[in-house]
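# Structural overview for review
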Protein chains: 2
Amino acid sequence: MSTTSPPFISLSRRLRKTPYHDRVLESGVKAFSVYNHMLIPTVFESLEDDFWHLREHVQVWDVAVERQVEIVGPDALALVQLMTPRNIQRCQIGQCMYAPTVGTRGQMINDPVVLRLAEDRYWISVADSDVVLWADGIAVGRGLDVQVFEPDVSPLAIQGPASFDLMAKAFGEWIRDVRFFRFREVEFNGTTLVIARSGWSKQGGFEIYLQDSRQGHALWDHVFAAGKNLNVRAGCPNLIERIEGGLLSYGNEMTVDNNPLECGLDAFCDLPEGVEVLCRDALERIRATGVERKMTGVVISGDPILIPDDSYVVQADGKFLGLVTSTIWSPRLKQNVGMAMLENDAFDTDNLKLAEPNSTRSVEITGLPFE
Amino acid sequence: MSTTSPPFISLSRRLRKTPYHDRVLESGVKAFSVYNHMLIPTVFESLEDDFWHLREHVQVWDVAVERQVEIVGPDALALVQLMTPRNIQRCQIGQCMYAPTVGTRGQMINDPVVLRLAEDRYWISVADSDVVLWADGIAVGRGLDVQVFEPDVSPLAIQGPASFDLMAKAFGEWIRDVRFFRFREVEFNGTTLVIARSGWSKQGGFEIYLQDSRQGHALWDHVFAAGKNLNVRAGCPNLIERIEGGLLSYGNEMTVDNNPLECGLDAFCDLPEGVEVLCRDALERIRATGVERKMTGVVISGDPILIPDDSYVVQADGKFLGLVTSTIWSPRLKQNVGMAMLENDAFDTDNLKLAEPNSTRSVEITGLPFE
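Here is what the cut-offs are and how they apply
Residues numbered from 1 in each chain as written. Chains lettered and ligands numbered in written order. Predicted model: local features only at pLDDT ≥ 70, side-chain atom pairs only at ≥ 80, totals over all residues. Heavy atoms only, no water. Helix = DSSP H or I, 4+ residues; strand = E, 2+ residues; numbered from the N terminus. Buried < 20%, exposed > 50% of the residue type's maximum accessible area, 1.4 Å probe, protein only. Lys, Arg positive; Asp, Glu negative; His and termini not counted. Salt bridge = Lys/Arg side-chain N within 4 Å of Asp/Glu carboxyl O. Contact = heavy atoms within 4.5 Å. Buried area = accessible area lost by both parts, 1.4 Å probe. Polar contact = N/O pair within 3.5 Å; in protein donor to acceptor, adjacent residues only side chain to side chain. Nonpolar A, V, L, I, M, F, W, Y, C, P; charged D, E, K, R; others polar. Pairing = 2+ DSSP bridges.

### Re the side chain of B:Asp136
Relative to the helices and strands, B:Asp136 is located in helix α4 (residues 131-142). For the buried B:Asp136, which has no salt bridge, the nearest side chain bearing the opposite charge is A:Arg105, at an N-O separation of 4.2 Å. Setting aside chain neighbours within four positions, we find B:Asp136 in contact with A:Arg105, A:Gln107, A:Trp134 and B:Val148.

See below:
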C-alpha cells in the first residue's frame, strides 16, 4: 500500500474551476481530484477529521463537478428513456431518479440522477463521463427533436445532520417539507435555485443547483451565514463516509467494462415495456445467463490503509478473483473497509487475499452499507 | 498571477494509471494532470529544464492518455466522416490525419488525429473528451454497422532531435524512412506496435502505439536502452515548447463553445461533397457570416509568468475582448508568450491589457508559432 504523499497537480484552463473555487481555497482545501474536466476538493482538515465533522454537524460541499446534461424538447422523454433501463416514464416534475445510463452492450456509461424540470425538460446530473456527448450522438443519429447541452448549473451540497436547520434558516421552514429525491425552486439574487433533498452522503441533506455561476460566492456566503451557529464547515464527499455508506462511484466501483446487474443495480433495471431502451437486449441476455461477478463490501485485515491510490487485486492461491475498487481505514469501525467487484468464485472461497507483493492481508466479504 | 505551489491531487482508481506509470514515478515526475480520466506527467526537472532538454536531445513521453477510439466495420468510414469536416475519404491505410470532430451546431468536440489501420478500421487518437461516447451514440442512433470501443492502446512518444537516432537503434534503420504523419507496424515482445512519425512537439519524433498494456515496462526499458548514449530522459508535453510551437490544446485553447473556424482550423474544414458530415450546415452558416473571434499568438508584458493556473481575461478600457487561453514565460525568447482567443474588435485595438486586479500587463498580438 502506498503511504507516501499524493503528487502535485498542474493547473490549466482545461481543468475547469467551479464558481465556488475561491471560497474553497480560502477554506483551506488540502487536495483536489478532477471530475468531468473540473476540480473537486477532496480533503480539508484530514479525511478522518472531515468524516467525524460530517457525521455530527453540517458541511457545504462544492460539487459543481456534478455537471448537468440538459435535454429539452418534444423528444426529451424518449431520449432519456433510451439511455436508461430504469422506468422514467413516471418521473414527475419536481422528482429526482437515480437512473444508470447503459449502452447497447450492457456497458455502464454513467450512473446519474435524472431531474424532471418540466414536461419536456430534464437534467441528467452526471458522474465522471461525458454523457452530454453520448446523448448528443444518439439525438443527432436518430434525428430526435431535442436540444442537448451542458447548462450553466453548479450544484452546491449541504450535508450532515444539521443541514435541515441550516437550510431552514437560509431559505425558510418550508425546506423541511421537501421529500427525499424531490426538488423545489426558489429565487435567489435574481436567479432560480433548484433545491433537491439529495446528496452523496448518508448523513442527510440537500443539493442546491445554482443556475448562474456569477452568484457562486453570494450563494456560498449565504449558506455559511445561515450556518454560523451550527459549526458549519467547508467539506466534500468523504471517502470514509462514502465507503461506509456503500455509495458507488463511477470510475471506481464500476466502469464501461461492467454491466448494471453485476454492480448490484438490478432494482434500477426494470426495462419498461412499450418504450425503447437501448440496453434492453443486452440486459435480458445477461439476466438469462447470470452475472460473472458482483459488487460487495469487504473488510481487509492489517495496518490502517490511510492513503489508497488505486484498486487492489484480490486472489486466492494465485488465482485472480476480482478487485477492491475503493478502500480506506474506518476510524469508527476500526478496520479497513472497502467495496469490491469480485468474481462469482470468490463468494465460495475462504482464503481471499490482496495480491500485493508480500501481502498477508486477508479479505473478508461483507454486506453494504457498513453499519 | 498565481505563483504559489500547485495543490495536491488525490489518487483513486477513477484517475487511471498508464502502463508506464511506475517508470514515470521512478523517473522523478514532479506533477501530473488528468486527461481522459487518466494521469499524465507534466513536469520532471522543471518546465524550463525539460524545455531545453527536449530541444537538444530526446525524451520518452508517457502519453497513454491519448486514448484511442476504435471504429471497425463496414460503416467505419461513414461514421468517421460524419464526425469531422475534414475530407478523410482519401486517408490511406498507414496514414494519420489531424481531423477536428465537430457537432451539428459547429461546436468543437475534440481535435484528434485519425489513423487508418485497415480498409474498415480506424483509430481516433483523442484529446481530452469522451469521443468514444459521441461516436457510440451516433452509431447506435443511426444503426450503423460498426463497433465502437476504447481498445488497450497506450501511446509512448519519443520526441526531440535525437529521436531518429534512438528509434533507429531501437527498431532499425527503416524508421528513418517513415514520412511525417505515416505509420508502420512492427512486432515487439509478442505484440504489434504501431509506430507513427508524429507527436505533440515541434522537435520531431514518433509515437509508439502499444497494443498490450502488460508490455509497458518492457517497451519503456527498450527505448531507454536504445537511448543510453543520447542523453535520453523521461519527459512530457512541455508547456513552453507547446505554446512556442503554437500547438492547440483542446480544453485550453478551445472548448465546446468554439467552432473550428475561429480556432484557425479552416484548412481542416474542407467539407467534402457527396458524403454526410454532421457539421456541414453549421460551418457553412458560420463561413457565410464570418467568425466573431479568432485564435492568435500574444506576448504579455511584465514579470515572468512561471506557474499560470487558468485563462486570463483580455480587455481594453474595461471592455471584454477575449481570453489568453495558455501562457508561460519563454526562457528562450525572454518574454511571456501565449495563445489567445480574441474578439474581432481586439485586432483593431492597441491598448489591450490583462484584466487582473491592478494589472498593468499589456497584451500584444503576434503570429503563431513563435520563431
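Past the structure itself, the notes keep going.
### Considering the interface of chain A and chain B
Contact with chain A, which involves 52 residues of that partner, is made by 52 residues of chain B. Summed over both partners, the interface of chain A with chain B buries about 4400 Å², with 53% contributed by carbon and sulfur atoms. Counting across the chain A and chain B interface gives 30 residue pairs in polar contact (both at pLDDT 80 or more). For the side of chain A that touches chain B, the secondary-structure elements that each account for two or more residues are β1 (8-9), β2 (31-35), β3 (38-43), α4 (131-142), β11 (147-149) and β19 (319-330) of chain A. Per element, the largest residue contribution to the side of chain A that touches chain B is nine residues, and it comes from α4(A). Looking at side-chain class alone, the side of chain A that touches chain B contains 24 nonpolar, 16 polar and 12 charged residues. Bridging between β2(A) and strand β1 (residues 8-9) of chain B involves two bridges; their strand directions are parallel. Residue pairing in the sheet places A:Phe32 in a bridge with B:Ile9 of β1(B).

### Topic: the side chain of B:Ser163
Residue and element names in this part refer to chain B. Looking at the element boundaries, Ser-163 is found in helix α5 (residues 163-171). What makes Ser-163 buried here is its relative accessible area of 0%. A distance of 2.7 Å separates a polar side-chain atom of Ser-163 from the backbone oxygen of Gly-160. Once residues within four sequence positions are removed from consideration, Ser-163 is found in contact with Val-58, Ile-158, Gly-204, Gly-205 and Phe-206.

### Focus: the pairing of strand β13 (residues 183-188) of chain A
Looking along a regular strand, one sees the side chains alternate between the two faces of the sheet. Residue and element names in this part refer to chain A. Of the strand pairs in this sheet, β13 and strand β14 (residues 191-196) are connected by six bridges, and their pairing is antiparallel. Across the sheet, residue Phe-183 finds its bridge partner in β14, namely Ala-196. Taking the residues between adjacent antiparallel strands as the criterion, β13 and β14 are bridged by two residues, where Asn-189 takes a positive phi near 50 degrees.

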